[in-house]
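Chain residues, written in single-letter form:
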Amino acid sequence: MKLLSFAIPCYNSAAYMEKCIQSVLAGGEDVEVIIVDDGSTKDETAKIADEYAAKYPTIVKAVHQENGGHGQAVNTGLAHATGKYFKVVDSDDWVDLKSYRRVLATLKKFDEAEEPDMVIANYVYEKVGAKRKKVIHYDNVFPEETLFTWNDIGHFKLDQYILMHTVIYKTELLKKCGLQLPKHTFYVDNIFVFEPLPYVKKMYYINTNFYRYFIGRTDQSVNESVMIGRIDQQLRVTRLMLGYYDATKISNPKLRHYMIQYLEIMMTVCSVLAIKSGTAENLAKKKELWNELKKQNFPLWLRLRWGFLGQGCNLPGKGGRELLILGYKITQKFYGFN
């Protein structure tokens, strides 16, 4: 069995995918690299994937599929994964070599009876034009270099939520929870992290800057104008996440608190995008989302609607919306999130 499986979803990624692939190849025979060509047609993505598979037949798999979007590419990667652990690296991102060696050494040392379900490491915003690279670390949240449970975690700051960049999941856990990301939908990385959480019992945090998250292409899904244009997909992902569990009934209090906070962030993102779009249609969609939650899960709605962020998202009138956007801009500048 390989120690770690990497899935690299690629869609017309020829211009940058090789930097990503080369970075994870440094793991040698301890890893497998699953390059998923998601129906690329405009460049040589498929050819590059096949060339790496031919050159490194014991490490690299090239899988070609009809275009299904990022989520389906992750599903395909997981279906082909044989490693004990599983990580997604997007084709325009990469991993840091020194940190990578530390991560692999850590994964190797776990005793079979004491293997974590989820391993967490830091990530770095590789933001074009930024004078300083912002590092998202968790040393104030998680104990370092030891197995821990949800009972041992601290308080998450606004920019410290667990993202796809952060996690390495145990492969069998992802399969056990039946993770299947929706096709042709952006922002499913939130589902990838959120849905398995109740299955996670043991965790391990490595305080190293492992994942390098590139921000700079104008067509990236996290570009704000692109996110506004795809608000329906953000709404879909949020609705799915609201429906996976009744977060108010999660038994562990710290996990319950974290999952409710995660949903609060998702509702806030949808609300801010709708308001920033400035269209009556999107404002109606925002209102509909909150009303749906009220009907489906009143206790959760009560918690989210009358929390600090929920109140900010629902300030009345044009003045209230302008105040929310001002607060959003100040928070964005302070925390540096994209």
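Right above here is the structure, for reference.
The text that follows walks through the structure, step by step, so that each part is easy to find.

Remarks on the packing of helix α8 (residues 231–244) against helix α10 (residues 280–296)
At their nearest, the axes of α8 and α10 sit 12 Å apart, and the two run at 5° to each other. Taken as axis vectors, α8 and α10 run roughly parallel relative to one another. Residues I231, D232, L235, T238, R239 and L242 of α8 touch α10, and the partners they reach there are N282, K285, E288, L289, E292 and L293.

Details of the pattern of salt bridges
Inspection of every chain in the model, using the stated rule, returns 16 salt bridges. Note that E44 is salt-bridged to K47, the shortest N-O span being 4.0 Å. Between K170 and E115 there is a salt bridge; the shortest N-O distance is 2.7 Å. Linking K170 in strand β9 (residues 167–170) with E115 in the loop between α4 (97–109) and β6 (118–127), this pair joins segments that are 55 residues apart in sequence.

Notes on unusual backbone geometry
We note that E145 has phi near 55°; this positive angle belongs to a residue other than glycine. When you line up the elements, E145 lands in the loop between β7 (134–136) and β8 (147–148). Notably, H184 is not glycine yet its phi reads approximately 50°, a positive angle. Here H184 lies in the loop between α5 (171–176) and α6 (189–194).

Criteria and cut-off values
- Residues numbered from 1 in each chain as written.
- Predicted model: local features only at pLDDT ≥ 70, side-chain atom pairs only at ≥ 80, totals over all residues.
- Heavy atoms only, no water.
- Axes fitted to C-alpha atoms, helices over the stretch in contact; angles between N-to-C directions.
- Helix = DSSP H or I, 4+ residues; strand = E, 2+ residues; numbered from the N terminus.
- Parallel < 35°, antiparallel > 145°, perpendicular 65-115°, else oblique.
- Contact = heavy atoms within 4.5 Å.
- Salt bridge = Lys/Arg side-chain N within 4 Å of Asp/Glu carboxyl O.

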